[in-house]
Amino acid sequence: MFDSLGKYVLLLSLSFRRPEKFKVYWAEVMREMVSVGIGSLGIISIISVFIGAATTIQVAFQLSSPLVPLSIAGKIARDSTILEFSPTISSLVLAGRVGSSIASQIGTMRVTEQIDALEIMGVNAPGYLIAPKIIAGVTMVPLLIIVSITLGITGGYIACLASGDITPADYIAGVHDGFDGLTIRVALVKAVVFGFIIASICAYQGFYTSGGALEVGQSATKGVVYSCVMILFADLVITRIML
Amino acid sequence: MIEIKDIFKTFGENEVLKGISATFQTGKNNLIIGGSGSGKTTLLKCIVGLHEPTKGEVFFDDENFTTMDFTQRVPIRTQIGMLFQNSALFDSMTVEENILFPLNLFTNQSQSEKLDRANFCLERVNLTGKNKLYPSELSGGMKKRVGIARAISMQPKYLFVDEPNSGLDPQTSILIDDLINELTDEYKITTVIVTHDMNSVMGIGDHIVFLHQGKKWWEGSNKEIAHTDNKELNDFVFASKFMQAAKSKL
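Residues numbered from 1 in each chain as written. Chains lettered and ligands numbered in written order. Predicted model: local features only at pLDDT ≥ 70, side-chain atom pairs only at ≥ 80, totals over all residues.

A closer look at helix α6 (residues 131–163) of chain A
Residues and elements named next belong to chain A.
Line of reasoning, step 1. With 33 residues, α6 extends 46 Å from end C-alpha to end C-alpha; this agrees with the ideal 48 Å at 1.5 Å per step.
Line of reasoning, step 2. Where α6 bends most, at methionine 140, the angle is about 25°, and the proline proline 142 comes one to four residues later.
Line of reasoning, step 3. Two residues or fewer after α6 comes glycine 164, characterised by a positive phi angle close to 80°. (Helix = DSSP H or I, 4+ residues; strand = E, 2+ residues; numbered from the N terminus. Expected span 1.5 Å × (residues − 1). Bend = angle between axes of the 7 residues up to and from the residue.)

Written out as structure tokens, the structure reads:
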């Protein structure tokens, strides 16, 4: 375990060495941002709307007491979406979508000697391959989480319109009630950390792949599993520290 | 000129290279031959720095490559071209982008100068007009030629080639051998080729190093190889009936 941790830290330090030519690396960063950000927008939008809608219906069901104002359902759905569902569930989905792609892409490059070819040319392979993915992860995951929060709350509104469990007016009132900006800050900190975890762990698994197609698949699986575990662990730590 | 001195390489308990020394001359095709598992590719990877030797030194024109760190190695690495066994083309890039890649990173040429160079390299390997194809659209022989074009794009002083003929038909193999031979001669490159193809050995082997059980077993030229009494080398070179018949006629 300590051996792996040492290799991981060393790989990260190599990744952020001064690039040979900034322009070439910048183009790679842009490409990765499009891949991570635009490429994940569809799946994040779909899951956010459904999770927001389901959360609102469940909260309304649990608060079916005449003593509790129905607008509280909107408030709980909002805070749950901002603090937990959008950052954590979206990041777990992104670990599957983006993380497996990163691990298998780098792993394939390793087993087909493309990484050796980079090193022979004098290119800092971790810097060229991993740094752009990490930069894309820590910048695009927060943006996706903001989209996810917006669509999650919208999903709750759609659920109110469709189910009639809460009136849309009660829901909107609840969403506006007692909003604390700290919840958004917590969500964004989580998003940055989760983006880093997904990109770096999956890149590490891919970079140290050896063998063939089977091992590339195993690296992708390991990357996703370890990322998910670390996301949940980091979620707990950040929640404990910030709230 | 490349000089290797007393190279040892161990993986765990397995000692793959056991004290190999050799000198590879400029403008010559230097072949490293040997059976499977004899340590040919490991030696090549130790020379280019993909593996660090457990012991021993590698000199590129009297510069000790072994003791250099990553940054110090970059100027030498930009003078190295390498053709990998499976070509190792970047599959997300077109043929042209593959050739432009080292030029974009390590030169300050204008875009038109770089494109001219890429076109020249493609012309040199008889692939004019294939600029926009992706590696997945190329045959094995074409991939090798693009690999060569990429390797020579930076006008290297040293060319390393790992199994250039693996997976190719005899005609294409000869084509690739001839191309490497021409480039070596034309640009006075120090070329090191790892192979077990006897056509290459006989055709372009100016200087041959035969490895057996991780040691240098024999060294000489393609003219000397047919007349050696080294048993292990004879067993390797003349393993087939065809080669035995050819030897009897020499």
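Quick look at the UniProt feature "domain: ABC transporter" (unreviewed entry) in chain B
Line of reasoning, step 1. Following the UniProt record, the feature "domain: ABC transporter" (unreviewed entry) maps to residues 2–238 of chain B here.
Line of reasoning, step 2. Across residues 2–238 of chain B, the secondary structure splits into 39% helix and 26% strand, with the terminal C-alpha atoms separated by 29 Å. (UniProt positions renumbered as here; feature names shortened; annotations may be inferred.)

Some details on the sheet that holds strand β9 (residues 207–212) of chain B
All names here are of chain B.
Line of reasoning, step 1. Sheet architecture is open: six strands sit in the order β6-β7-β8-β3-β9-β10, paired in mixed fashion. Looking at which strands have only one partner, the edges of the open sheet turn out to be β6 (80–83) and β10 (215–220). Sheet twist, expressed as the mean angle between neighbouring strand axes with direction ignored, is 20°.
Line of reasoning, step 2. Two strands pair when backbone bridges link them, and strand β7 (residues 158–162) and strand β8 (residues 190–195) are joined in this way by five bridges, in the parallel orientation. Bridged to leucine 159 within β8 is threonine 191.
Line of reasoning, step 3. Against the sheet, helix α1 (residues 40–48) makes contact with β3 (29–34), β6, β7, β8 and β9, and its axis sits at roughly 150° relative to β8, the strand it touches most.
Line of reasoning, step 4. Helix α5 (residues 140–152) rests against β6 and β7 of the sheet, and its axis sits at about 175° to β6. (Pairing = 2+ DSSP bridges. Axes fitted to C-alpha atoms, helices over the stretch in contact; angles between N-to-C directions. Contact = placed C-beta atoms within 7 Å.)

Comments concerning the sheet that holds strand β1 (residues 2–11) of chain B
All names here are of chain B.
Line of reasoning, step 1. In space, the four strands of this open sheet follow the order β2-β1-β4-β5, with antiparallel pairing throughout. Both outer strands of the open sheet, β2 (14–24) and β5 (63–64), are each paired with one neighbouring strand and no more.
Line of reasoning, step 2. With two bridges connecting them, strand β4 (residues 55–60) and β5 associate as antiparallel partners. Within the sheet, the bridge partner assigned to phenylalanine 59 lies in β5 and is asparagine 64.

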